[in-house]
Structures are given as structure tokens and as C-alpha cells.
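This is what each chain is made of:
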Amino acid sequence: MIKSMTGFGLATQDVQNIKIVVEIKSLNSKFLELSLKLPRAFADKELFVRNFCTKEIERGKVNIAFSIEKNLEGLKASQINTDLLSQYYTRLAEVADKLGADKQNLFQLALNMPEVLNQKEEADADEWALVYQTFLNALQNFQQFRLDEGKVLKDDLTLRIANIKNFYTQIEALDHLRVPQLKNKLSDLIEEAIGKANLDQNRLEQEIIYYIDKLDITEEKTRLISHLNYFLDALESPESNGKKLGFIAQEIGREINTMGSKANDAQIQQLVVGMKEELEKIKEQLLNVL
């Protein structure tokens, strides 16, 4: 099942006088671009989290933000810079008075300002266990979001392939008529140019066969239908196949372009244009497939 590179996951826990929030957001990218914001108390866990994300998230431009808020019961006196807290609170109160704003949550806001809480002390294992579990919950929600978006992408890609196959069926019907028409047209043109009496029928047949062979699109049609079926098989694979699908789409485009250049038929070329439009929509969607 394919996944989207676009994803969102949020998880919160409010236990033991601590509120933990982990938010994961991602956009499409050729590689994994990870922006990680961990509280300083858990700075030593950054490498572990990065390695874990490399394995689980794989690709995308990903932002992961950890937020930890402790209420007064969860704080030790030594962890609070009371002088700085007082300064923040005073300044915030002055601004609130000036703006006529509500002061109800002013203390909590001042408590969460930079450097107010001394987090240099190493966080205990129980606290990290809560943070890590919240992170896993957020990651699970994030992966489910990616799967849900992947189902939408799969449905659209399957529809585009079906549309290309429909154009292919129409080209197949026209191609059976094209060769006899081309042979008759060439014969008429040559007879008109040099006269029927001067024709060497054997040489004429050889030249017509040579010309028709140059315009033959049988191989391109065979390869095209093979690539289309291979694309659908790759969509069903349990592995993430965004890059693989992109390579298959390139091969599909190569066969479509060759068919268009060799067809020498206005109706077939119009159908080829329709194929190209569908393929461009496929390529746009593949930019977001993991």
C-alpha cells in the first residue's frame, strides 16, 4: 500500500503534573529532511529519535516538535528562576494593562518564557518514558494519516492508468486500419508521380514495406501495455514505491512519445495527446508518494 509523504500526527498526555504535546508534520521531499525540537532536558535523546525517525518515516520534509509544560505541583523550587519569572510577569502585566487584555493566564505564560525553568538537571527515566510514549502515539497517528492520503493517491493513479488504457484501446482499433490506408495512399501517390506503366511492382512493394515498417508502432504498444500493468502491480506492493513508480512513469512516457512521433495519423496523435495529459497528472501525484 502506497503512502503519502504529506502527513500530520498529534498526541498529548497530561499526567503526573506534566502536560506533554508532540506534533509531527511533513511535506514531500526527495530525501528525509528532519527538523527536531526537543526540550533541553532530553537533548541526549536527539540522536536516538533521529535514527528512529530515519527508519520509520523514510522520506519527506518533516518537523517534529516536543512541548512539555509542568504545573506548580510538578516543579521543584530550585528549577524556577524566580527573579527572571518576576521580570517577565511584570513586563507582561504592563503590556496587558496598556492593551486592556485579560491577565488570567499571565503567570503560566511567564512560567513558560525562556530560561525561567532550569532544565539543566537530567530528566528522570519515568519522565522520558511518558515523553517517548507520547511521541510513539503521535507517530502512529502520523503514519495513519499518510496511509489514508495514500489510499486517495492510489485511487487517482489507478484512474489515470485506466484512462491511458482506454486511449490505448482506441489507438489499437485505429492502427488496424492505418496500415492498409497508408499502403493505398503511397501506391496512388507513386503511380500519379511516374505513371502506372513505369512502375516496378516488386520494387514498389519493397519500398512500401520499408516505409510501413518505419511507421509500425506494434513494439511500442506492447511495451506500453506492459509498463501500465507493471505500474498497477507496483501500486499493490506493501513496500513504499514512490521512486519506482516514478521510473515506470518515465518508461510509459517514452513509449507514448515514440508512438506519437511514428503514428503519422491525426486521430492517433490526438489520442496520444490525451495519454500525455493523463501521464502529467500521474507525475504530479507521484511527487507526493513515499
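What comes next concerns the included structure. (Residues numbered from 1 in each chain as written. Predicted model: local features only at pLDDT ≥ 70, side-chain atom pairs only at ≥ 80, totals over all residues. Heavy atoms only, no water.)

1. Quick notes on the sheet that holds strand β3 (residues 32-37)
The 4 strands are arranged β1-β2-β4-β3 in an open sheet whose pairing can be described as mixed. Looking at the sheet topology across the chains shown, the edges are occupied by β1 (7-15) and β3. For this sheet, the mean inter-axis angle between neighbouring strands, taken without regard to orientation, is 10°. Judged from the 6 bridges that link them, β3 and strand β4 (residues 60-70) form a sheet pairing that is parallel. Bridge assignment links L32 to a residue of β4, and that residue is G60. (Pairing = 2+ DSSP bridges. Helix = DSSP H or I, 4+ residues; strand = E, 2+ residues; numbered from the N terminus. Axes fitted to C-alpha atoms, helices over the stretch in contact; angles between N-to-C directions.)

2. Here we look at unusual backbone geometry
With phi around 75°, E58 is a residue other than glycine that occupies positive phi space. Positionally, E58 belongs in the loop between α1 (46-57) and β4. A relative accessible area of 35% places E58 in the partly exposed class. (Buried < 20%, exposed > 50% of the residue type's maximum accessible area, 1.4 Å probe, protein only.)

3. Observations concerning the environment of L215
Here L215 is to be found in helix α5 (residues 201-215). Exposure remark for L215: the relative accessible area of 12% places this residue in the buried category. Sequence separation between L215 and M259 is 44 residues, and the spatial gap between their C-alpha atoms is 8.9 Å. Discounting chain neighbours no more than four positions away, the residues touching L215 are R178, L182, K262 and N264. (Contact = heavy atoms within 4.5 Å.)

4. Re the packing of helix α7 (residues 242-263) against helix α8 (residues 266-286)
Close contact between α7 and α8 brings their axes to 10 Å; oriented N to C, the two are set at 165°. It follows that α7 is roughly antiparallel to α8 by the angle criterion. Here α7 runs over α8; the crossing is left-handed. On the side of α7, the interface is formed by L245, G246, A249, I252, G253, I256, N257, G260 and A263, while α8 contributes I268, Q269, V272, M275, K276, L279, K283 and L286. (Parallel < 35°, antiparallel > 145°, perpendicular 65-115°, else oblique. Left-handed = near helix turned anticlockwise from the far one by under 90°.)

5. Details of a nonpolar patch on the surface
On the surface, F8, L10 and F145 cluster together to form a nonpolar patch covering roughly 230 Å² of accessible area. Tracing the chain through its elements places L10 in strand β1. For L10, a relative accessible area of 40% puts it in the partly exposed group. (Patch = residues over 30% accessible without salt bridge, like charges linked within 9 Å, V, L, I, M, F, W, Y side chains within 5 Å. Areas by Shrake-Rupley, 256 points an atom, 1.4 Å probe, with all protein chains shown as cover. Salt bridge = Lys/Arg side-chain N within 4 Å of Asp/Glu carboxyl O.)

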